[in-house]
Amino acid sequence: MSIRTKLILFILTLLTAISAVTAFLFLHNEWASISSNSQKKNLQVLLSMSEVCKEIHGAPGKSSAYKYFKAFLKSPEIIKVSCSGPGGRVFMEERYHSPAQIPLRYYFKNFSPPLTGVWETSSDNGVEILRASLTARSRGAEITASVDFSTQLIYQEMDSSLRRSSASFFIILSLAFAIGCAGTLIITRVIAGPIQAIAEAARIIGSGQLNHRVPVKSEDEMGRLALEFNRMADRLKEFDEMKRDFVSSITHDLRSPVTGIELCADIIRKLAEKRDYDRIPEQVFSINEHSQRLNRFIDSMLEVSKIESGKLNLTIKPVNLEDLVDRAVRAFRTYAAQKGLKLEFIVDGEVPDTRGDPDRLYQVLANVIGNAVKFTDSGSVSVFIETLPGWQKVRVCDTGIGIPPHELNNIFSKFYRISSGRREYPSARQGTGLGLFIAKYLIELHGGRIQAESGTGGSVFSVFLPS
Ligand SMILES: Nc1ncnc2c1ncn2[C@@H]1O[C@H](COP(=O)(O)OP(=O)(O)OP(=O)(O)O)[C@@H](O)[C@H]1O
Ligand SMILES: [Mg+2]
């Protein structure tokens, strides 16, 4: 069942329940108010009757009292009125026949009588009667006024009042229900529409079409969801491209040293056949270089796996950062000289010892300085050490191709290399894209941080270590 159908069913059930409860409460309250009005009216009749009886008892010939007496009987629900004196002697009585009884629509019959007077129900020739009587004193004698109401007609009267008021109520309730249903359809479309679009987009992207995006039509939560979904799709596409680049680069990184070793071995074989032993050491040296490259690559992969399983530990001891940087700079002197780059190392004053894992710190510095040389074609690479309060900072500035500002954070991600499609990033320069990922992890493990900035015509990397 779709989310929209579920929403519609849920809201409709809710609407029906609310309507039913509202109708019940309305009928109940309306009946209570009609019933209380009817009681008041009946009591009023009884009180007036009592006054009339007193008057007739005092002055039997007074015609106005008789007039009232007869007037009561014009109300259809009053069947009989009477006045009786001491000993139950009836001195005035009028009786009318009850009109035809109409079946009731609502079967509420809970009628609680007023507190004044005596109210009792009985049956007179099959007609249900509510007999009300009230005793009062007149000229020293006790006289009782009694009125017989037809209960059926009282209920009938109440029933038709309820029918009148409920007709308009039910029309309004039906209108509200219809509007509620229309609103439900609109709301579910507004809510479920974007969800369906995102579900469809997820299906399309899942089928491999990574360029598909969800249209962002609003700025509300749904709009934000669509926006975040699109961002996620962008990242997915980036990762997909990275994976492709990585596979091609990893194949290159694995294949080129292996091919190099094969070539060298072939040359050695041919040299040996020609008994030209003098040139063999040069090829052995090349084989050594190739295998070292292969080893470095495998080491990086192993290190990432250690980082991810949390098994990479440091061996902390006192280290001198100046010595480490000096070693790393010297390691790249030949490479820099081959590229015609000036590689300088500038120390700002005395550098005190700090604590850290010297091998891991060297690894970080070698990667950052190596990157600077690798991505610089002309100009210089300058390495500085500065001592700040609480920190020792190594800054590596180059005049190379630089890093676009939006890539400054990405380059610390695993396997991330700035798009190989860019002309300035020839594949020969590429490594595995693991160097900075490992460097960041190691520096943070030391309690420090590493950051990259895009300088004018080059990049600046700063490594901070707690001193
Ligand atoms: N100094 C720099 N100038 C320009 N781009 C740089 C610089 N340093 C790093 N980068 C960019 O950041 C990416 C990630 O660097 P990182 O050191 O992680 O990987 P790598 O050098 O490509 O490979 P690895 O270090 O694993 O051999 C590089 O591929 C490069 O695109
Ligand atoms: Mg690197």
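Residues numbered from 1 in each chain as written. Chains lettered and ligands numbered in written order. Predicted model: local features only at pLDDT ≥ 70, side-chain atom pairs only at ≥ 80, totals over all residues. Heavy atoms only, no water.

### Let's talk about the overall build of the chain
Looking only at helices and strands, the chain features 9 helices and 12 strands. Its C-alpha radius of gyration of 51 Å places the chain more than 25% over the 23 Å reference for a compact globule of 467 residues. With respect to the principal axes defined by its C-alpha atoms, the chain has extents near 160 × 50 × 40 Å. Counting the 467 residues in the chain, one finds 39% classified as buried. Long-range contacts, defined here as pairs at least 24 residues apart, represent 67% of the contacts in the chain between residues at least 6 apart. (Helix = DSSP H or I, 4+ residues; strand = E, 2+ residues; numbered from the N terminus. Rg over C-alpha atoms; globule rule 2.2 N^0.38 Å. Buried < 20%, exposed > 50% of the residue type's maximum accessible area, 1.4 Å probe, protein only. Contact = heavy atoms within 4.5 Å.)

### Considerations on the coordination of the magnesium ion (ligand 2)
Listed as protein donors to the magnesium ion (ligand 2) are N367 (OD1) and N371 (OD1); their distances from the metal cover 2.2 to 2.3 Å. Of this pair, N367 and N371 both sit in helix α8 (residues 358-374), 4 residues apart, which is roughly one turn of the helix. Judged by relative accessible area, which is 13%, N371 ranks as buried. (Donors = N, O, S within 2.8 Å, 3.2 Å for Na, K, Ca; no water.)

### Considering the state of the cysteines
By the definition in use, this model includes 1 disulfide. In this model C53 forms its disulfide with C83; the gap between the sulfur atoms is 1.9 Å. As the torsion about the S-S bond is roughly -80°, the C53-C83 disulfide counts as left-handed. Taken together, the positions of C53 in helix α1 (residues 3-58) and C83 in strand β1 (residues 78-84) put the pair 30 residues apart, joining distant regions of the chain. Each member of the pair C53 and C83 is classed as buried. (Disulfide = S-S within 2.5 Å.)

### Re the pattern of salt bridges
Note that side chains of opposite charge can pair when their charged atoms are close. The tally for this structure, following the rule as stated, stands at 23 salt bridges. Of the charged contacts in the structure, one is a salt bridge between D266 and K270, with a shortest N-O distance of 3.4 Å. Here D266 and its partner K270 are both found in helix α4 (residues 221-273), 4 residues apart, which amounts to about one turn of the helix. With a relative accessible area of 40%, K270 lands in the partly exposed category. One salt bridge in this structure joins D326 and R330, with 3.4 Å as the shortest N-O distance. Remark: R330 and D326 occur in helix α6 (residues 321-331); sequence separation between them is 4 residues, near one turn of the helix. One continuous salt-bridge network, built from bridges that share partners, spans D266, R269, K270 and E273. (Salt bridge = Lys/Arg side-chain N within 4 Å of Asp/Glu carboxyl O.)

### Re the sheet that holds strand β3 (residues 118-124)
Note: strands within a sheet are paired through backbone hydrogen bonds, in either parallel or antiparallel orientation. Across the sheet, which stays open at both edges, the 5 strands sit in the order β2-β1-β5-β4-β3 with antiparallel pairing between neighbours. At either end of the open sheet lies a strand with only one pairing partner, and these are β2 (90-95) and β3. Ignoring strand direction, the axes of neighbouring strands in this sheet form an average angle of 20°. Contacting β1, β2, β3, β4 (127-138) and β5 (141-150), α1 crosses the sheet at an angle of about 140° to β5. (Pairing = 2+ DSSP bridges. Axes fitted to C-alpha atoms, helices over the stretch in contact; angles between N-to-C directions.)

### Some points on a nonpolar patch on the surface
Residues I186, I187, V190 and I191 make up a contiguous nonpolar surface patch of about 350 Å² in total accessible area. With respect to the helices and strands, I191 occurs in helix α3 (residues 151-206). Judged by its relative accessible area of 33%, I191 is partly exposed. (Patch = residues over 30% accessible without salt bridge, like charges linked within 9 Å, V, L, I, M, F, W, Y side chains within 5 Å. Areas by Shrake-Rupley, 256 points an atom, 1.4 Å probe, with all protein chains shown as cover.)

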